[in-house]
Amino acid sequence: MSAHLRTSSSTSRVPSKTVEIHIRRRANPDAPQTWERFEIPYRPNLNIISCLMEIQQNPVTKEGTRTTPPVWQMNCLEQVCGICTMVINGRARQSCSALVDNLEQPITLEPMSKFPNVRDLVVDRSQMFDHLRRVHAWVELDGTHDLGPGPRMDQEDVQERYAYSRCMTCGCCLEACPQYEDDNYIGPQAIAQVRLFNMHPTGKMNRDERLEGIMEDDGITNCGNAQNCVKACPMNIPLTKAIYEENRETVIYGLFGWLKR
Amino acid sequence: MATNGIKIAIVGGGLAGLAAAMKIAEAGHAVDLFSIVPVKRSHSVCAQGGINGAVNTKGEGDSTWEHFDDTVYGGDFLANQPPAKAMCEMAPSIIYLFDRMGVPFSRTAEGLLDFRRFGGTKHHRTAFAGASTGQQLLYALDEQVRRHEAAGKVKKYEHWEVLSLILDDHQVCRGLTAMNLQTLEIKAFPADAVIMATGGPGLIYGKSTNSMVCTGSAVSACYQQGAKYANGEFIQVHPTSIPGEDKLRLMSESARGEGGRVWVPRQKGEQRAPSAIPEKERWYFLEEKYPAYGNLVPRDIATREIFQVCLDGMGVSGENQVFLDVTHIPADVLDRKLGAILEIYEMFVGDDPHHVPMRIFPGVHYSMGGLWVDFNQRTNISGLLAAGECDYSIHGANRLGANSLVSCVYGGFIAAPAAIEWATNVPHNGSDGARVYESELQRQEEINAALIKQSGTENQYVLHQEMGKWMTDNVTVVRYNEKLKATDQKLLELIDRYQHISINDSNLWATMALPHARHLKNMLDLARVITLGALNRNESRGAHYKPDFPERDDENWLKTTIAEYSGEGPVFSYEPVDVSLIPPRKRDYSKGKKT
């Protein structure tokens, strides 16, 4: 059931007969990082996941030494789950959508550096989900019983929200952000989710709680305006716009919020 | 925390699992939620096109009964009708609930929910959020469950894999065992009821449209512990996927719902670029053969037609591929309604579908079969329930597009109160309670220890590939008894060779090898259920097609296949289908439906 779908689109790089991949390894969180080199046969249409699968099946380095199979995370392989994010040739991105034909060789694979490294290419991104909890990234429902449809909405507003709602919590924006380190900045991902819910007619009703979530010491004011996040986002989410809008909201809330109390 | 000490374990954090978790937490009870991956990364994110519900805002006279009729007709009358009807009746309120949660559903000019067409219906019945509806719905439930998590009602065990049920001496489910995927520690988790919501088993076929967690492993473990598995032979092969080295990526039916057309050049060996081929030299074979539904015939039919066209050498460039063409649709419509899926195509293939017809081929997509459940999502094991793709109810012999999301949520919403009811009334564990936990824990630890210790020349990944290839070649679109028999022999051979694998990772911390080895064994057992179920069923119905038995045979086969585990392999029995609401009639999509 196979079919060759890709006619080689890259003209500048003539594909070599093999693919050379350098992987930054770590046996466990307490072990040192080391590099290992692997070489696998070239095939058209290879993505990084396919390369890793090939190495996993027969984990022998380029030098011919048998080693442990590299460990990574993967799930949807369609760039919607976000789990397979790693640093490829110096840039954080999803390994499923990273095609060998479009990458300079040797290809380097490293774990993301802003999160605890579990093993090899696996990192622990649970802090991102903790941040979602902190900013109350949800609509407060009265209950899940049938109350009819939600509020009517303009398609334009829906489209703006849809852009934020595509965030797959992959962490590329945080890896690229110079401020995101050592818990000193909540980061663009969570701020964009505040935007998503503060734009919703019902979500808006709990706007203040969300703003408070991004007004703590590690909050939105720590953004250094490097604007790396928006360039790094694989879903093209307008992260800097979200930061701008929420910054404005927090300033107004900071100035006049006390009047409500 | 829980008001009365009930704790319910949910296995799987996709739409069905999260739907159940939300309902149970809302009712004030405690939930332990187990998931191999963080729940927000579950396979539900891959659903693209939309969610069905007969809201009838288009003035087309749609109704929940019409949705119900389309569902059982599309499923070739193998579905028990009462739950299918109940799902269709609940569907509009499910869509409205997601609307209230803030899902960015596409809108009409008046700001109402927009609906598009999907396969197997003549109505605009599918609500959608761009072309990433599953992602959007999953996120909405993820958010609501996080809210309950923040309130202390839900405890998540992410990166934990469920290995088995804990059954007491009366075969009552008392909890489960699960393995921490970093430390490989196995623990017993007591629960008053367990809901399986683990999705489909696509990885049995090696490459499919499924995510990598979709092995069916946990469900297979339940089957091996006595849960009945129903209609396993009904595997949906989606007509339009993008073949890849690592997986078959889905190209949503919504592409056809929005007007996409399937065609091949009329001329074999055509060399011209597709845009240079004039209209009259294109063969729109679905539109020609099925004038009433055209490109929106149900999936089993579209898949067989595409398969046959390629088998006859009419595939594009003589290969196993046909065109799926959306180039005639205005760019702004494509971007708004199909943007996400067209991006996926461009990302992985390199061509822009706005300008070049996509090249697609069928790929294994969905299991209509699954754990047997009653009309309240209860399996035959007391205290064990199931919801979503891992249960067999609702879809019969073929699932209609955009019915999966609604069936997941429906299943979760029915399973939750049923689990609460059981948990409230079941006598709690007696003094021998501790023993059943300890003995199951020990059994699981022994399986791990044996796998780690054994050494042999077989490679677990090679075995997986061989299983996938045999299953894909012989137990998908077209099925022959001889080949099914040979496949079962092959599976037995693989089960034998499995005894000689060695785990190729000496570092067990966060290893992928040991969990995969466990999946592989469970997949092999489930593969036999699928293959032998197909061998036994000598008729053609929905996704199950045998050229030697080309007709549906209601007299002999209007019945549900039930497989039960034994040491010698699956034991099959059959039970009648509840067709009490709509008498079975022949499917014919060349004509409009008469109900």
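Scroll up to find the structure this text is about.
Given the structure is predicted, the values throughout are model-derived calculations rather than measurements. (Residues numbered from 1 in each chain as written. Chains lettered and ligands numbered in written order. Predicted model: local features only at pLDDT ≥ 70, side-chain atom pairs only at ≥ 80, totals over all residues. Heavy atoms only, no water.)

Asks: Help me out: how do you make sense of the overall build of chain B in this one?
Replies: Regarding its fold elements, chain B presents 15 helices and 21 strands. Each of the three principal axes of chain B carries a C-alpha extent, and together these read 75 × 60 × 50 Å. The burial tally for chain B puts 67% of its 595 residues in the buried class. About 18800 Å² of surface is accessible on chain B, with carbon and sulfur atoms providing 51% of the total. Distance from the positive charge centre (61 side chains) to the negative charge centre (71 side chains) of chain B: 3 Å. (Helix = DSSP H or I, 4+ residues; strand = E, 2+ residues; numbered from the N terminus. Buried < 20%, exposed > 50% of the residue type's maximum accessible area, 1.4 Å probe, protein only. Areas by Shrake-Rupley, 256 points an atom, 1.4 Å probe, with all protein chains shown as cover. Lys, Arg positive; Asp, Glu negative; His and termini not counted. Charge placed at Lys NZ, Arg CZ, Asp CG, Glu CD.)

Asks: Whenever I open this one, the nonpolar core confuses me. Can you help?
Replies: It is characteristic of soluble globular proteins that their nonpolar side chains tend to be buried jointly. Membership of the largest hydrophobic core comes to 262 residues, with the highest contact counts inside it found for I48 and L109 of chain A together with I8, F98, V194, M196 and M467 of chain B. Leaving out residues up to four positions away in the same chain, V194 of chain B has contacts with A9, V11, L165, C173, G175, L176, G383, L384 and L385 of chain B. Counting residues in each nonpolar core, the second largest holds eight residues, with F234, A397, A543 and V577 of chain B among its members. (Core = buried A, V, L, I, M, F, W, Y, C linked by side-chain atoms within 4.5 Å. Contact = heavy atoms within 4.5 Å.)

Asks: Help me understand helix α2 (residues 126-134) of chain A in this model?
Replies: Residues lying three or four places apart along an α-helix face the same way, a consequence of the helix completing one turn every 3.6 residues. The complete set of buried residues in α2 of chain A reads Q127, M128, F129, H131 and L132 of chain A. Where α2 of chain A is buried, its residues contact α4 (172-176) and α5 (188-198) of chain A together with α4 (133-150) of chain B. Just beyond α2 of chain A, the residue with positive phi is H136 of chain A, at close to 50°.

Asks: Whenever I open this one, the packing of aromatic side chains confuses me. Can you help?
Replies: Geometry of an aromatic ring pair is reported as the spacing of the ring centres plus the angle between the planes. Residues and elements named next belong to chain B. Applying the stated criterion to the full structure yields 16 aromatic pairs over all chains. Each ring, one from F34 and one from F189, has its centre 4.8 Å from the other, and the planes form 75°; the classification is edge-to-face. With F34 in strand β2 (residues 30-35) and F189 in strand β9 (residues 186-190), this residue pair connects regions lying 155 residues apart in the sequence. There is no split in this pair, since F34 and F189 are both buried. On the numbers, 4.9 Å between centres and 65° between planes, the contact of Y157 with F189 is edge-to-face. (Phe/Tyr/Trp six-rings, centres within 6.5 Å; stacked < 30°, edge-to-face > 60°.)

Asks: What is the right way to look at the sheet that holds strand β3 (residues 85-88) of chain A in this model?
Replies: The strands making up a sheet associate through hydrogen bonds between their backbones, and the pairing can be parallel or antiparallel. All names here are of chain A. Taken together, the five strands give an open sheet; going across it, the order is β2-β1-β5-β3-β4, and neighbouring strands pair in mixed fashion. Both edges of this open sheet fall to β2 (34-41) and β4 (91-94), since each of them pairs with a single strand only. On average, each strand axis in the sheet is tilted by 35° relative to the strand beside it, whichever way the strands run. Bridge count between β3 and β4: four bridges; the pairing is antiparallel. Across the sheet, I88 pairs through a bridge with R91, a residue of β4. (Pairing = 2+ DSSP bridges. Axes fitted to C-alpha atoms, helices over the stretch in contact; angles between N-to-C directions.)

Asks: What am I meant to see in empty space enclosed by the protein here?
Replies: All names here are of chain B. Under the counting rule described, the total for this entry stands at 13 cavities of 30 Å³ or more. As a volume, the largest cavity reaches approximately 750 Å³. Around the largest cavity, the lining comprises 49 residues; the ones closest to its centre are H43, S44, G199, C214 and E389. When contributions to the lining of the largest cavity are tallied by element, the ones reaching two or more residues are α1 (15-26), β2, β7 (160-167), α5 (217-224), β17 (358-367) and α10 (404-425). Looking at the lining of the largest cavity, its residues break down into 22 nonpolar, 22 polar and five charged. (1 Å grid on protein atoms, 1.4 Å probe; cavity = no way out; pocket = protein on both sides within 12 Å on 5 of 7 lines; lining within 4 Å. Points joined across faces, edges and corners; volume = space filled by probe spheres on them. Nonpolar A, V, L, I, M, F, W, Y, C, P; charged D, E, K, R; others polar.)

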